[in-house]
Amino acid sequence: MQYDVIIVGGSFAGLSAAMYAARGRRKVLVIDAGQPRNRFAEHSHGFFGQDGRAPSDILDEARAQLLAYPTVKVIDGCAERAAVTGTGFEVEMDNGEGFGATRLVLATGVRDILPDVPGLVGQWGKTVLHCPYCHGYEVAGGPLGVLATGPMSLHQAELISDWGDVTLFADGLFEPDADQARALEKRNIRFEPDKVSEVLDDGSDGLLIRFEGNRSASVRALFTAPRNEMASPLAEQLGCAFNEGPLGRAIVVDDKQQTSVPGVFAAGDAARMTHNIAFAVSGGAMAGVAAHQSLVFG
């Protein structure tokens, strides 16, 4: 079946792109694997007009509003392959079903690769966090920690010290040099060099950080900056260019969210280094508008 626009990814960027393409009265297909990156978080904060709502509730409402447009179809499933064809693009699902489109929007997101510390995964999105703008206000005022993933974590600790009394847990990865030590002292950040052996729920909405040697420390929340990897192979299959960042790759896009492959647009966390819902929705809106306009003027 041929569509004007296929959008792979039905989270914030994908639904935003689909809305604008649908409002252009184009035939739109959204393919959604149902694995949004923020599914581990109970609440979303800082998204204009939706502060404190569950991410799943925002997405459910957005999908329902999108499906009110008669030219839109949303299917649940995983897109495994994409290729350029003579008329545009072909997308193949994991069940073998295929769809064609004149334009393609990749809103496929990224996957977080957390440090290999026992207990960390179970607290991800609860008391183990990544973005102070998304979660910092709710845990502010108490003892906070930053679990290092490398020397760049010094900057994360400096930032998060605006929300509380911070300890940088280096996890045995590095020792600060003289300039770095002065920067930590300036922000009243404690430095803990030892290897972290485990993180545990302390039973009072906080975390117990245990070190090798059985020492421990308590924090209200622990921030970390995990590495990211593409959640889908489609951009690479299509030959899209990537930028390499300190935490992972991002699809290269221009100011209209156009990738290096003509007719392929990308938005959301897969297409930028700085991530949050508002940025994803904004990028998706531009991708949807640009995909539509490329059909008109291209």
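The rules behind each value
- Residues numbered from 1 in each chain as written.
- Predicted model: local features only at pLDDT ≥ 70, side-chain atom pairs only at ≥ 80, totals over all residues.
- Heavy atoms only, no water.
- Helix = DSSP H or I, 4+ residues; strand = E, 2+ residues; numbered from the N terminus.
- Buried < 20%, exposed > 50% of the residue type's maximum accessible area, 1.4 Å probe, protein only.
- Contact = heavy atoms within 4.5 Å.
- Areas by Shrake-Rupley, 256 points an atom, 1.4 Å probe, with all protein chains shown as cover.
- Lys, Arg positive; Asp, Glu negative; His and termini not counted.
- Charge placed at Lys NZ, Arg CZ, Asp CG, Glu CD.
- Salt bridge = Lys/Arg side-chain N within 4 Å of Asp/Glu carboxyl O.
- Arc of directions from axis to C-beta.
- UniProt positions renumbered as here; feature names shortened; annotations may be inferred.
- Pairing = 2+ DSSP bridges.
- Right-handed = clockwise from strand over helix to strand, strands pointing away.

1. Focus on the overall build of the protein
Reasoning step 1: Within the protein, the regular secondary structure consists of 8 helices and 19 strands.
Reasoning step 2: Here the protein holds 298 residues, and 49% of them are scored as buried.
Reasoning step 3: Residue pairs at least 24 apart in sequence account for 55% of intrachain contacts in the protein once pairs closer than 6 positions are excluded.
Reasoning step 4: Taken as a whole, the protein presents about 14400 Å² of accessible surface, with 51% of it coming from carbon and sulfur.
Reasoning step 5: Treating the 25 positive side-chain charges of the protein as one cloud and the 37 negative ones as another, the clouds have centres 6 Å apart.

2. Digging into the pattern of salt bridges
Reasoning step 1: This structure, assessed with the given rule, holds 18 salt bridges.
Reasoning step 2: In this structure, Asp 32 engages Arg 63 in a salt bridge whose closest nitrogen and oxygen atoms are separated by 2.8 Å. In this pair, Asp 32 is assigned in strand S2 (residues 28-32) and Arg 63 in helix H2 (residues 55-66), connecting sequence segments 31 residues apart.
Reasoning step 3: A relative accessible area of 13% places Asp 32 in the buried class.
Reasoning step 4: The exposure class of Arg 63 is partly exposed, given its relative accessible area of 22%.
Reasoning step 5: Between Arg 81 and Glu 92 there is a salt bridge, and its shortest N-O distance comes to 3.0 Å. You can see Arg 81 sitting in strand S4 (residues 79-85) and its partner Glu 92 sitting in strand S5 (residues 88-93), a full 11 residues away along the chain.
Reasoning step 6: Salt bridges linked by common partners bring Asp 32, Arg 63 and Asp 76 together as one network.

3. Topic: helix H4 (residues 132-139)
Reasoning step 1: Taken as a whole, H4 has its buried residues at Pro 132, Cys 134, His 135, Gly 136 and Val 139. Along the axis of H4, the buried residues cluster in a sector spanning 160 degrees; they form a single face. Facing away from the buried side of H4, by more than 90 degrees, are the exposed residues Tyr 133 and Tyr 137.
Reasoning step 2: Where the residues of H4 are buried, they touch strand S8 (128-129), strand S9 (143-147), helix H5 (153-160) and strand S15 (221-224).
Reasoning step 3: Of the residues one or two after H4, Gly 141 is the one with positive phi, at around 95 degrees.

4. What to know about the UniProt feature "transmembrane region" (unreviewed entry) in the protein
Reasoning step 1: According to UniProt, the feature "transmembrane region" (unreviewed entry) maps to residues 6-22 in the numbering used here.
Reasoning step 2: Measuring from the first to the last C-alpha atom of residues 6-22 gives 11 Å, for a span that is 65% helix and 18% strand.

5. Things to note about unusual backbone geometry
Reasoning step 1: Positive phi outside glycine occurs at Asp 205, with the angle close to 65 degrees.
Reasoning step 2: Asp 205 gets classed as exposed once you look at its relative accessible area, which sits at 68%.

6. Thoughts on the pairing of S2
Reasoning step 1: The buried count for S2 comes to 5 of 5 residues, which makes it a mostly enclosed element.
Reasoning step 2: Covered by surrounding structure in S2 are Val 28, Val 30 and Asp 32 together with Leu 29 and Ile 31, the residues of both alternating faces.
Reasoning step 3: Bridge count between strand S1 (residues 2-8) and S2: 4 bridges; the pairing is parallel. The partner of Val 8 across the bridge, within S2, is Ile 31.
Reasoning step 4: Examined bridge by bridge, S2 and strand S3 (residues 72-76) share 5 bridges and lie parallel to one another. Paired with Ile 31 across the bridge in S3 is Ile 75.
Reasoning step 5: Where the polypeptide runs from S2 across H2 and back to S3, its parallel neighbour, the crossover connection is right-handed.

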